[in-house]
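A closer look at the structure
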Amino acid sequence: MTFHILTIFPDFFDGPFRHGVVARAAEAGLIEIRRHDLRAWTKDRHRTVDDRPFGGGEGMLLKPEPVFEAVESIFPERGDRRRVILLSAQGTRFDQAAARRLAACTELLLICGRYEGVDERVAEHLVDEEISVGDFVLSGGELAAALVIDCVARLAPGVLGNRDSTVYESFAEDGLLDCPQYTRPAEFRGWRVPDVLLEGNHEEIRRWRRQAAVAKTTKNRPDLLQ
Ligand code: 9D3
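As the structure is a computational prediction, the values presented were derived from the model and not from experiment. (Residues numbered from 1 in each chain as written. Predicted model: local features only at pLDDT ≥ 70, side-chain atom pairs only at ≥ 80, totals over all residues. Heavy atoms only, no water.)

Structural notes on the state of the cysteines
The final tally for this structure, using the stated rule, is 0 disulfides. Note on C105: no disulfide assigned, nearest cysteine sulfur contributed by C151 at a separation of 14 Å. For C112, which is in no disulfide, the shortest distance to another cysteine sulfur is to C151 and amounts to 16 Å. You can call C112 buried: its relative accessible area is 3%. (Disulfide = S-S within 2.5 Å. Buried < 20%, exposed > 50% of the residue type's maximum accessible area, 1.4 Å probe, protein only.)

Below, the structure written as structure tokens:
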């Protein structure tokens, strides 16, 4: 699976994919991550990618021409399994189900917005989907693109093996957060690991984990309990 990133800050991605599962998947040739500098598709001396909003308002917008030219040259042909995504605060919310859908593609092109936004014709006439990573304000789409790639890449065919059943993997199994987990030592600064986990009664452990997951979900994410 190939990820293309269209950005004015290609150097931003020097770091995020050099560690862990994504780095190993790239080394194994299971995924490829290619960065494209949006300014390569400008035609003026100053390599201008932004301009002022019609109707007035704060800040600058990414202008449409370089973005259209870039996408059309990176993807001369489009298709179901070759999708173009705009990262923007106005997009539909990214979640594990969206990640699973995107993992079925062979090539994804992620466009990183900057400044106050992107000319709306990009969202309307160029991209397949517009995606937001959550209800908070970022300073641009780069961090969001890194997040989406991290999440989708581990679902790409062959990346995780069948240790996690990635086909069915959901963020919250049966609507619950993961249960609390402990490792050694059994007592740390006076805080003991629950006895049931040390005793080896697997039916009791299963029941404890279930109620602990419900308690954790109630406390931290009541919205998940319909
Ligand atoms: C929503 C606030 N906007 C109204 C004045 C300003 C604005 C905020 C953030 C304009 C651009 C941006 C840049 N954000 C992204 O490019 C972005 C983003 C985000 O801010 N939140 C969640 N997901 C994403 S994906 C891309």
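Some thoughts on the site of the ligand
In the vicinity of the ligand lie 17 residues, with E116, V133, G134, F136 and L138 positioned nearest. Interatomic distance of 3.0 Å between a backbone N/O atom of V133 and a nitrogen atom of the ligand. At 2.8 Å from a nitrogen atom of the ligand is found a main-chain nitrogen or oxygen belonging to F136. Here the ligand loses 75% of its free accessible area of 570 Å² to cover by the protein chains. The cavity that encloses the ligand is the largest pocket. The dominant element in the shell around the ligand, judged by the number of residues it contributes, is strand β5 (residues 82–93), at 4 residues. For the shell around the ligand, a count of residues per class yields 9 nonpolar, 7 polar and 1 charged. (Near = heavy atom within 4 Å. Polar contact = N/O pair within 3.5 Å; in protein donor to acceptor, adjacent residues only side chain to side chain. Areas by Shrake-Rupley, 256 points an atom, 1.4 Å probe, with all protein chains shown as cover. 1 Å grid on protein atoms, 1.4 Å probe; cavity = no way out; pocket = protein on both sides within 12 Å on 5 of 7 lines; lining within 4 Å. Sits in = over half its atoms within 2 Å of the grid points. Helix = DSSP H or I, 4+ residues; strand = E, 2+ residues; numbered from the N terminus. Nonpolar A, V, L, I, M, F, W, Y, C, P; charged D, E, K, R; others polar.)

Notes on the sheet that holds β5
Across the sheet, which stays open at both edges, the 5 strands sit in the order β2-β1-β6-β5-β8 with parallel pairing between neighbours. The open sheet has two edge strands with one neighbour each: β2 (32–37) and β8 (129–132). Neighbouring strand axes in the sheet, compared pairwise and without regard to direction, differ in orientation by 30° on average. Relative to β2, strand β1 (residues 2–7) is paired through 6 bridges, and the arrangement is parallel. Each residue of the ladder has a partner; that of T7, found in β2, is D37. Its contacts with the sheet place helix α2 (residues 64–74) against β1, β2, β5 and β6 (107–112), and it is angled at close to 160° to β1. In the packing of helix α5 (residues 142–153) onto the sheet, contacts are made with β1, β2, β5 and β6, and the angle to β6 comes to roughly 160°. (Pairing = 2+ DSSP bridges. Axes fitted to C-alpha atoms, helices over the stretch in contact; angles between N-to-C directions. Contact = heavy atoms within 4.5 Å.)

Looking at the domain arrangement of the chain
Domain annotation for the chain reports domain 1 (2–153) and domain 2 (168–225). Computed over C-alpha atoms only, the centres of domain 1 and domain 2 are separated by 37 Å. (Domains from an automatic or database assignment.)

Looking at the layout of surface pockets
Approximately 460 Å³ is the volume attributed to the largest pocket. Lining the largest pocket are 26 residues, and of these L87, S88, A89, Q90 and G117 lie nearest its centre. Among the elements that take part in the lining of the largest pocket, β5 stands out by supplying 5 residues, more than any other. Of the residues in the lining of the largest pocket, the class split is 12 nonpolar, 9 polar and 5 charged. (Points joined across faces, edges and corners; volume = space filled by probe spheres on them.)

Things to note about the packing of aromatic side chains
The tally for this structure, following the rule as stated, stands at 3 aromatic pairs. Measuring from centroid to centroid gives 5.1 Å for F12 and F13, while their planes differ by 65°, and the two rings are edge-to-face. Overall, the relative accessible area of 3% leaves F13 in the buried class. Their ring planes at 45° and their centres at 6.2 Å tell us that F188 and W191 sit as a pair that is tilted. (Phe/Tyr/Trp six-rings, centres within 6.5 Å; stacked < 30°, edge-to-face > 60°.)

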